[in-house]
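This is what each chain is made of:
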Amino acid sequence: MALSNSVTTCLSQPVHYAICKLGFEKKQTYDINNILSGNGEVCWQAVTEHVCYLESDQSVDYIKSIRSLGPVCESVNLHFKSLTKEQFVIQYASWFHWTNCTEVFLEVFDVLQYTQTTEVALGLMKLTSCLERALGDVYLLKSNDCPFLLRDLLASEQLAVVFGQSVMNVMKIFIGSPYGLNLRNVLWHGFASPQEIPAKYCAMLLFLTAGLGQLLQTYLLQTKCILVHRPYVIFINLEELDVFPDLNDETLSIAEELVKLSSFVLKTMLPFWIAALTAFKQSRYADSVILLLPQLEAGLRLLFTTTNKCPNRLLTAESSAFYTTFDEMLAKHLDNEEVNQLPVVLEEPAMASEFLWDFLNHQEGPRIRDRLSHGEINLEEFPREVANQIVAFAITLLCRFSDEDMFSLKEHMAIKPLMNCASCYQSRFHPISRLKQQVLKCTKSIHLWFELPTVPEEQVQTIKGLEENAEASTLILMVSEITSQLLQYMPQNCCSSHDPINSVLTERLLLGLCDTRICTLYSPRPVLEIVAILRKISTQCHQVSEQVIASAEVRYAQWMHKTLRSRQRHNYLRMLSSIKFLSSVLQLILILITLELVNVHSVCKKKPFDYQQYLKFLKSVLQYTENLVTYTSPEKNKWDEAMELTSKVLTNIRKISDRKLMLMHLAT
C-alpha cells in the first residue's frame, strides 16, 4: 500500500478548488463594519447580499457565492484575531447560549488565535456538530420530527420561518450542500487534510452562529416560544463496550511510532493521528475520537479503493455522486453488484467488520460516529472507556498494515493483547447477538424460580393440583420427549445424550448454544425477519418470568401474614403447582429459539424451505407467549387458562418437530 505515501489530497479537483482557492480569488479587503453593527450585532442583510443566484431557476449559485463571500470571511477572521478573549466573551458569548454548547464555541475562538491547522479542523468539526444539534432544537419549535441529515435540516421550511430563507442560503453555502463548501462532510468523512481547511471559514461559521443566536432571540421574544434542548445521549452499560484492555503510556508511545510507519495512514493525514493520540493522553476523550473516526474511514477507504481497483473513489465525490463512506465500505457488494474485496484483505475480516458495525452502525450499538457528528453527546462528559476502544482498535489496524521490518513493534508485549482481543471479537450489537444475550438473561430469570419462597408441600396438595392431573402428567412427558428430540441437534460441546434432562442441564445447554459463534455479517432479510420474531418470543418469555417472580413473592408474603382470601389462597396454590411445569416449558422454548438461531444462516443461505409456513409456526409460538404474559399478569392470574394454552402450543411444537420442518432439521 505504497499509495498512502503518494496521495497528496483526497479532495477531487473541483472540491479542492472550491475549498482551497475559490474564496481567495477576490483580493480586495472587506470592511468588518459593513456586517457588524456598533452594538455588536450581525448585519444579516449585508451578509446575504453576497449570495448569488442562478438566472435560470433562482437557486443559489454556489461558485459565485463562495467567491463573493471569500473576502468577508477573511475580514471576520482578522476581526476575531484583533480581539482579546475577554473582549470576545463580552461581545459574543451570550449569543452562543442558544446552542447549549457555549464553551465549545469559546474554544474555537481560542484555536483561531494560533491558526494551528489540525486544531482548526477539530474546532470546525465540533462547531458543526453542536450547531446541527442546536438547529434541530429550533426546528422542533415548529415540528415534531427532526431530520437526521444536516442538509435536510438547513433546507427545511421550519428553519426558514425562524431565521429567514436568505439566512439559510448562507448556511447552506458553508455546510449544507454538496454544491457548496460542504465543510462538515469533507471533514467528518475524512477527506480533508488539516492544511486544506482555511481558518477563515471556521471563523465565519463562528460569526454566523452568533448571528443566528441574535435572530433566534428576536423570534422567541415575538412568538413567546421557549427553546427546549433535547437531552444528550448517555452511554449506559459501558461494560458491554469493554473489548480491549486499558491503554497505558507505553502502548500509546508505540502507537505514535506505528502511525509514522503504517501504510494504513495517509501521510497528509498524519497530523490528525498524532493529535488524536495526544488528545487521548491529555484526557480529551471526545477530541481524540472526533479526530480518529474520520481517519479510520480514510484509511479503510484507501484499502477499499485499492483492493476493489477503483482508485477514483478515494477522492471526494462530486455533487452528482455518492461519497465512499463506512456504509459502502462495510457492505457485501459494490454498487456494480461485484463482491466487496475489503473484508477479504482484512486479516480477520469478520472481527474487524463486526467491530465497526457494532460501534458505528448497529441501531442498538453506541453509534459513536453518528452521535458525535450530529451533536447528540455532551463532549465534556465523553467516557474514557469508549475512547479507549476506538483508539485500541485503530492501533490494531496500524499493526495489520505495517511492514515486516516493524515486527518488533507489532510483537511488543504491550501490543499483543490488543491484537488477541481483535482476533477473537464477536459482535455484541447485531440482532443475532442481542438475541443470545436475551436468552441468557431470561434463563437466569427462570432459574430464580427455584429459589422462590414457597408454602409447605402438604398445603399445596390440599387442592387438586397439577400433580394429580392426568392431562398435566401427559404434558410433562411431552416436554421431556420434545427436549430429548432437540438434544440430537445440539453441538457436541453442549451436552451428552446420556445426561438427565433437568434445569441444570437446560441451563448448560443454553450457555453452550449461546457460546456458538454465528456469523453476523451480511445477514439476508429472511434471517433478520426470523431473528426479529425469535427476539419477540424471548422478550415475552422474560416478561412472564419476571411476572411470576413478582407475583410469587407478593403472594407468599400475603400467605405468611394470612391476608389472602379463600379464592386468593386457592389461586396462589394453583400458581405454585403450575409454575413448576411452566418453567420447563419456557426453558424448552428458549432451547428451541437458540437452536433455530444457530442454524438460521446456513438454512436461509443454502437450502430451500417453506419460509412462509415456518414464519407462521414462529408467530404461533409468539402468540402463545404474548397470551401467557396476559394470563400470568398480576391483574389476571389465570393459571388454568395458561395451562390449557400451553397444552396447545406443545402439541403444535411436537407436530412441527415430528414433520422436521424446523431449521435445525433442515440444516442437517
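Residues numbered from 1 in each chain as written. Predicted model: local features only at pLDDT ≥ 70, side-chain atom pairs only at ≥ 80, totals over all residues. Heavy atoms only, no water.

- The name given to the protein in an unreviewed UniProt entry is EMARD protein, with Scytalopus superciliaris as the source organism.

## Focus: the overall build of the protein
Here is step 1: When you go through the protein residue by residue, the secondary structure sums to 31 helices and zero strands.
Here is step 2: The C-alpha extent of the protein, read off along each of the three principal axes, is 100 × 65 × 50 Å.
Here is step 3: In the protein, which comprises 668 residues, the proportion classed as buried is 56%.
Here is step 4: Sequence-distant contacts in the protein: of pairs separated by 6 or more residues, those separated by 24 or more amount to 77%.
Here is step 5: On the protein, roughly 29,100 Å² of surface is accessible, and the fraction owed to carbon and sulfur atoms is 52%. (Helix = DSSP H or I, 4+ residues; strand = E, 2+ residues; numbered from the N terminus. Buried < 20%, exposed > 50% of the residue type's maximum accessible area, 1.4 Å probe, protein only. Contact = heavy atoms within 4.5 Å. Areas by Shrake-Rupley, 256 points an atom, 1.4 Å probe, with all protein chains shown as cover.)

## Here's the deal with the pattern of salt bridges
Here is step 1: Per the counting criterion, the structure on display carries 22 salt bridges.
Here is step 2: The salt bridge partner of Arg184 is Glu132, with a shortest N-O separation of 3.8 Å. Pair noted here: Arg184 is in helix H11 (residues 183-188) and Glu132 is in helix H7 (residues 117-139), with a separation of 52 residues, a long-range link. Neither Arg184 nor Glu132 differs from the other in exposure class; each is buried.
Here is step 3: Between Arg535 and Glu364 there is a salt bridge, and its shortest N-O distance comes to 2.5 Å. Here Arg535, found in helix H27 (residues 525-560), pairs with Glu364, found in the loop between helix H18 (349-361) and helix H19 (368-373); they are 171 residues apart in sequence, far enough to count as distant.
Here is step 4: By relative accessible area, Glu364 is classed as partly exposed at 36%.
Here is step 5: Counted as one network, the salt bridges with shared partners bring together Glu297, Arg301, Arg367, Arg369 and Asp370. (Salt bridge = Lys/Arg side-chain N within 4 Å of Asp/Glu carboxyl O.)

## Focus: the layout of surface pockets
Here is step 1: Approximately 460 Å³ is the volume attributed to the second largest pocket.
Here is step 2: For the second largest pocket, the lining is made up of 20 residues, of which Gln426, Ser427, Arg428, Ser433 and Gln437 are closest to its centre.
Here is step 3: When residues in the lining of the second largest pocket are grouped by element, the largest group, six residues, is from helix H23 (residues 431-447).
Here is step 4: Here the residues of the lining of the second largest pocket sort into eight nonpolar, five polar and seven charged.
Here is step 5: Residues from two domains meet in the lining of the second largest pocket; each of domain 2 (238-424) and domain 3 (431-666) gives at least three. (1 Å grid on protein atoms, 1.4 Å probe; cavity = no way out; pocket = protein on both sides within 12 Å on 5 of 7 lines; lining within 4 Å. Points joined across faces, edges and corners; volume = space filled by probe spheres on them. Nonpolar A, V, L, I, M, F, W, Y, C, P; charged D, E, K, R; others polar. Domains from an automatic or database assignment.)

## Notes on the UniProt feature "transmembrane region" (unreviewed entry) in the protein
Here is step 1: Mapped onto this numbering, the UniProt entry annotates "transmembrane region" (unreviewed entry) at residues 572-595.
Here is step 2: Each end of residues 572-595 is marked by a C-alpha atom, and these two atoms are 34 Å apart; helix forms 100% of the span and strand 0%. (UniProt positions renumbered as here; feature names shortened; annotations may be inferred.)

## Here's the deal with helix H2 (residues 13-20)
Here is step 1: Taken together, the buried positions of H2 are occupied by Val15, Ala18 and Ile19. An end-on view of H2 places all buried positions within 90° of arc, on one side of the element.
Here is step 2: Next to the buried residues of H2 lie helix H4 (62-82), H11 and helix H12 (199-223). (Arc of directions from axis to C-beta.)

## Here's the deal with the UniProt feature "domain: DUF4209" (unreviewed entry) in the protein
Here is step 1: The positions that UniProt labels "domain: DUF4209" (unreviewed entry) are, in the present scheme, residues 131-211.
Here is step 2: Taken as a whole, residues 131-211 contains 64% helix and 0% strand, while its terminal C-alpha atoms sit 12 Å from one another.

## Looking at the domain arrangement of the protein
Here is step 1: Domain boundaries in the protein define domain 1 (13-223), domain 2 (238-424) and domain 3 (431-666).
Here is step 2: Computed from C-alpha atoms alone, the centre-to-centre distance between domain 1 and domain 3 is 58 Å.

## Considerations on helix H13 (residues 249-261)
Here is step 1: Helix length check: H13 (13 residues) gives 19 Å between terminal C-alpha atoms against 18 Å at 1.5 Å per residue, within 8%.
Here is step 2: Among all positions in H13, only Thr251, Leu252, Ile254, Ala255, Glu256, Leu258 and Val259 are buried.
Here is step 3: With a side-chain oxygen lying 3.2 Å from the backbone nitrogen of Glu250, the N-terminal cap of H13 falls on Asn248. (Expected span 1.5 Å × (residues − 1). Polar contact = N/O pair within 3.5 Å; in protein donor to acceptor, adjacent residues only side chain to side chain.)

## A look at the environment of Leu69
Here is step 1: Structurally, Leu69 is set in helix H4.
Here is step 2: Residue classification places Leu69 among the buried positions, given a relative accessible area of 1%.
Here is step 3: When the C-alpha atoms of Leu69 and Thr48 are compared, they prove to be 9.4 Å apart, with 21 residues separating the residues in sequence.
Here is step 4: The contacts of Leu69, once residues within four sequence positions are left out, are Val47, His50, Ile173 and Phe174.

## Remarks on the packing of helix H14 (residues 270-281) against helix H20 (residues 384-400)
Here is step 1: Relative to each other, H14 and H20 sit at 140°, their axes nearing to 11 Å. In the packing of H14 onto H20, the handedness of the crossing is left-handed. In this structure, H14 uses Trp273, Leu277 and Phe280 to contact H20, whose residues at the interface are Arg384, Ala387, Asn388, Val391, Ala394 and Leu398.
Here is step 2: Grouping the amino acids of the contact of H14 with H20 by side-chain chemistry returns seven nonpolar, one polar and one charged. (Axes fitted to C-alpha atoms, helices over the stretch in contact; angles between N-to-C directions. Left-handed = near helix turned anticlockwise from the far one by under 90°.)

## What about the side chain of Ser433?
Here is step 1: Residue position: Ser433 is located in helix H23.
Here is step 2: Residue class for Ser433 comes out buried when judged on its relative accessible area of 7%.

## Some points on the packing of helix H6 (residues 102-112) against H12
Here is step 1: It is the contact of H6 with H12, at a shortest axis distance of 10 Å, that shows an interaxial angle of 150°. Considering the angle they form, H6 stands roughly antiparallel to H12. When you trace H6 past H12, the crossing you get is left-handed. Counting all contacts with H6, which are made through Phe105, Val108, Phe109 and Leu112, the residues of H12 involved are Ala199, Cys202, Ala203, Leu206 and Thr209.
Here is step 2: Looking at the contact of H6 with H12, its residues break down into eight nonpolar, one polar and no charged. (Parallel < 35°, antiparallel > 145°, perpendicular 65-115°, else oblique.)

## Observations regarding the packing of aromatic side chains
Here is step 1: Here the structure, examined in full by the defined rule, presents 21 aromatic pairs.
Here is step 2: Ring centres 5.6 Å apart and planes at 70° place the aromatic pair Phe355 and Tyr425 in the edge-to-face group. You can see Phe355 sitting in helix H18 and its partner Tyr425 sitting in the loop between helix H22 (416-423) and H23, a full 70 residues away along the chain. Here the two residues Phe355 and Tyr425 agree in accessibility, since each one is buried.
Here is step 3: Look at Tyr614 and Phe617: their rings are 6.3 Å apart centre to centre, the planes differ by 45°, and that puts the pair in the tilted class. With Tyr614 and Phe617 both in helix H29 (residues 611-631) and three residues apart, the pair spans about one turn of that helix. For the pair shown, Tyr614 and Phe617 are each scored as buried. (Phe/Tyr/Trp six-rings, centres within 6.5 Å; stacked < 30°, edge-to-face > 60°.)

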